[in-house]
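# Remarks on the overall topology
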Amino acid sequence: MSTAAPAPSKMRVAVAVAIGNFMEWFDFAVYGFFAVIIGQLFFPEDTDPFVAILSSLAVFAVGFFMRPLGGFILGPIGDRYGRRTALAISVLAMGIATTIIGLLPVYSVAGILAPMLLVLCRCVQGLSAGGEWTGSAAYLIESTPTPHRGKFGSVISATAALATIVGSLFALTLNNVLSEEDLLAWGWRVPFLLAAPLALIGLYIRMRLGETPVYQQVEAQGEVQKSPILRSLRQNMRPILLTLAIAAVQGTGFYYLATYVVNYLTTTVGLERGSALSLSAIGLTVYMILCPIAGALSDRFGRRRLNIIGTIGYIVLPIPVFWMMSSGQAMPVVIGIILLTMTQSLVSVTTVVMLVELFPASNRSSASAIGFNIALAFIAGPAAYIGMWLAGTTGDPVSPSWYMVLLAVLALPFLWRWLPETAGRDITSEHEAVRGHEPVTAPATRDGVGA
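If you're wondering where the values come from, they're calculated on a predicted model, not measured in any experiment. (Residues numbered from 1 in each chain as written. Predicted model: local features only at pLDDT ≥ 70, side-chain atom pairs only at ≥ 80, totals over all residues. Heavy atoms only, no water.)

Within the structure shown, the criterion is met by 10 aromatic pairs. Taking 6.0 Å as the distance between ring centres and 75° as the angle between the ring planes, the aromatic pair formed by Tyr256 and Phe322 counts as edge-to-face. Taken together, the residues span a long stretch of sequence, with Tyr256 in helix H14 (residues 237–268) and Phe322 in helix H17 (residues 318–325) at a distance of 66 residues. Its relative accessible area of 0% is what places Tyr256 among the buried residues. By relative accessible area, which is 0% here, Phe322 ends up buried. Here the aromatic rings of Phe414 and Trp418 are separated by 5.2 Å at their centres, their planes lie at 55°, and the arrangement is tilted. (Phe/Tyr/Trp six-rings, centres within 6.5 Å; stacked < 30°, edge-to-face > 60°. Helix = DSSP H or I, 4+ residues; strand = E, 2+ residues; numbered from the N terminus. Buried < 20%, exposed > 50% of the residue type's maximum accessible area, 1.4 Å probe, protein only.)

A word on the packing of helix H5 (residues 83–101) against helix H7 (residues 113–142). Contact geometry of H5 with H7 gives a least axis separation of 8 Å together with a crossing angle of 150°. Comparing the axis directions of H5 and H7 gives the class roughly antiparallel. As for how H5 packs across H7, the hand of that crossing is left-handed. For the contact of H5 with H7, the residue count by class is 13 nonpolar, 7 polar and 5 charged. (Axes fitted to C-alpha atoms, helices over the stretch in contact; angles between N-to-C directions. Parallel < 35°, antiparallel > 145°, perpendicular 65-115°, else oblique. Left-handed = near helix turned anticlockwise from the far one by under 90°. Nonpolar A, V, L, I, M, F, W, Y, C, P; charged D, E, K, R; others polar.)

Let's shift gears to the nonpolar core. Burial of nonpolar side chains together is a common tendency in soluble globular proteins. In this structure, Phe34, Phe42, Trp188 and Met325 are the most contacted members of the largest nonpolar core, which totals 126 residues. Broken down by element, the residue count for this core peaks at 17 residues, all from H14. Those residues in contact with Met325 that lie beyond four places of it in its chain are Val261, Tyr264, Leu265, Val269, Val333 and Ile337. (Core = buried A, V, L, I, M, F, W, Y, C linked by side-chain atoms within 4.5 Å. Contact = heavy atoms within 4.5 Å.)

Moving on, we get to the pattern of salt bridges. In this structure the tally under the stated criterion is 6 salt bridges. Here Glu142 and Arg364 are joined by a salt bridge, their closest N and O atoms 2.7 Å apart. Separated by 222 residues along the polypeptide, Glu142 in helix H7 and Arg364 in helix H19 (residues 364–380) bring together distant segments of the chain. Given a relative accessible area of 1%, Arg364 falls into the buried group. A cluster of three or more residues bridged by salt bridges with shared partners is formed by Asp79, Arg83, Glu142 and Arg364. (Salt bridge = Lys/Arg side-chain N within 4 Å of Asp/Glu carboxyl O.)

Structure below.
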């Protein structure tokens with residue numbers, strides 16, 4: 001059960017969530033950066049290089065397919081035993097699975113057992129990630145004053161970007177200081193083995209936190225649900241479907257930026273891996289800076305308007321961006337990535353906050369995890385694989401953009417019609433998120449964009 005200790009300060013909560021979230025997404029991202037090497041080491045040597053990287057990215061997607069199960073496990077834990085408990089389990093599971101990946105035998109040593117063990121570890125990573133993003137959002141936003149939820153919520157998006165940047169720079173350093181032989185022999189293992197100390201740090205920090213004021217209130221009022229998943233499916237189907245739509249766009253955009261772009265620049269465009277990692281890191285740094293700005297804007301103008309603007313951006317920008325990146329020239333590549341980060345910051349930060357504001361307090365962790373993780377598992381998770389497959393089969397370097405555009409085109413009418421304005425909503429209320437989908441805040445009234 002949760003502790004009755006006083007709620008920690010807002011800054012302490014933000015730092016704790018940021019450190020744990022960084023650790024989670026550093027672990028998850030390094031696989032993407034070493035996908036090419038993993039494809040060479042964990043699949044037969046006579047495999048075509050294109051097929052090998054597709055196989056590696058398919059294993060990457062396996063982690064996403066496990067996310068709904070992780071959400072079904074960790075979401076109810078967060079609703080029944082407290083947000084902190086779910087976050088502690090998440091960070092520990094991710095650390096253990098990632099550390100084991102760094103210790104696995106490769107195909108030349110263990111044969112078919114090597115990719116089988118790799119898939120198993122990716123499954124555990126997926127289970128962990130299935131509870132991390134929504135759990136972090138619930139803990140952070142429930143501990144934040146109403147007028148500043150967007151700014152504090154941006155911590156989750158920004159630290160995910162920072163983890164990806166650090167992962168890319170770490171990969172770049174290894175590429176620069178190690179020979180290709182050493183990188184293949186042992187260098188690729190180093191970032192995975194770092195998960196052990198990072199997991200211990202993240203676990204220590206999270207276990208020192210108290211519970212959120214909102215969860216303490218739910219517990220004090222006797223509203224803790226024994227079957228939060230069942231109640232979520234009965235009473236929150238529209239918010240769950242809305243979460244699926246916004247998460248599909250947000251998740252695909254993030255994983256294109258965080259992992260696929262590097263592989264695209266190396267395998268499709270033909271850049272040196274060091275150059276691709278450097279250019280990607282520059283773009284992600286801009287994205288990290290834009291996240292708190294997007295959060296502040298959502299506090300001022302509301303979530304709905306910014307999310308819809310970002311979704312429209314994913315209809316308009318991907319094709320010209322991939323055309324720019326396909327040139328292989330540093331400046332067009334960086335400008336293209338930055339254009340995507342501008343629209344991604346809008347959809348990412350608003351999604352984080354709406355994961356909390358769309359749902360009632362007693363089953364928030366469970367309900368938000370359903371739509372979010374289904375979208376990540378079956379739509380965003382395979383995005384890197386689909387992008388690589390499109391580029392390889394069509395021979396058109398712009399073709400990976402088609403998937404992003406299609407998703408945004410499908411999501412936009414649904415969001416335009418039904419996405420409510422949630423900024424300012426009383427997230428301690430047990431009933432408002434269930435029955436009320438009308439705009440409830442000053443930003444929605446002022447902007448005239450309520451659902």
